[in-house]
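Coordinate analysis (summary)
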Amino acid sequence: MPWLPLLLLLLPKLVLPNLLMTPSKPAAAGVVTKEVRVVPVLMAAGLKVQAARLAQAVPALRAAYSQALARWVGDPGLRLLALPIITECYRSPERQDELYKQGRSKPGPIVTYKRGGESNHNRLPAPALDVAFLLPDGEVSWSGLLLSRFARLMKAADARVHWGGDWPGFKDRPHFEVV
Ligand SMILES: [Zn+2]
């Protein structure tokens with residue numbers, strides 16, 4: 001399976017804190033302060049979860065995600081901004097039904113129009129996965145700008161990849177699938 005060696009190859013890049021020390025002006029008291037920029041990273045437990053989620057995807061989607069992630073992490077600008085993470089790949093029909101209730105019989109915005117068993121997330125291996133971003137401060141972001149940048153890399157990796165942000169009507173920007 002080509003995606004696993006690729007993921008392992010990326011591990012040092014993702015794990016090492018990689019601090020960029022930028023000296024700034026000396027403070028009034030003569031103390032030199034330094035500005036520290038930290039690349040968003042996942043610790044070992046987080047990487048394990050990511051590998052497990054990726055393993056649930058169909059091979060074509062796994063390969064496309066691995067390639068897009070490698071391109072993202074290899075880009076000096078993008079890697080400082082955020083780190084792509086898979087928030088969900090396979091989703092049980094029971095959980096799908098719970099999500100369907102959101103915005104209908106339960107509070108919150110509507111996040112899906114599919115009931116349990118109807119979503120591509122409900123198959124195993126799954127032809128769909130959802131992406132978000134880990135920011136340098138540890139927060140998780142669903143920025144449309146970041147997702148559209150990542151979508152370009154996903155579609156470049158494999159033309160069979162469909163991005164939920166391209167759908168007419170309901171835009172599901174975190175969503176990627178291979179059909
Ligand atoms: Zn999705």
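Shown above is the structure to which this text applies.
Residues numbered from 1 in each chain as written. Predicted model: local features only at pLDDT ≥ 70, side-chain atom pairs only at ≥ 80, totals over all residues.

**Describing the pairing of strand β7 (residues 175-178)**
Alternating residues of β7 divide into His175 and Glu177 and Phe176 and Val178, and every residue in both groups is buried. In this structure, strand β4 (residues 128-134) lies alongside β7, joined through 3 bridges in antiparallel fashion. When the sheet's bridge partners are listed, Leu129 is paired in β7 with Phe176. (Buried ≥ 20, exposed ≤ 12 C-beta atoms within 10 Å, placed from the backbone. Helix = DSSP H or I, 4+ residues; strand = E, 2+ residues; numbered from the N terminus. Pairing = 2+ DSSP bridges.)

**Some details on the nonpolar core**
In terms of nonpolar packing, the biggest core is built from 29 residues, with Ala68, Leu129, Phe150 and Met154 touching the most fellow members. Among the secondary structure elements, those contributing two or more residues to this core are α3 (59-74), β3 (83-88), β4, α6 (144-157), β6 (161-163) and β7. Looking at this core, the element that brings in the most residues is α6, giving 7 residues. (Core = buried A, V, L, I, M, F, W, Y, C linked by C-beta atoms within 7 Å.)

**Details of α3**
Compared with the 22 Å implied by 1.5 Å per residue over 16 residues, the 22 Å span of α3 between its first and last C-alpha is a close match. Inspection of α3 places Leu61, Arg62, Ala64, Tyr65, Ser66, Ala68, Leu69 and Trp72 among the buried residues, and these make up the whole buried set. (Expected span 1.5 Å × (residues − 1).)

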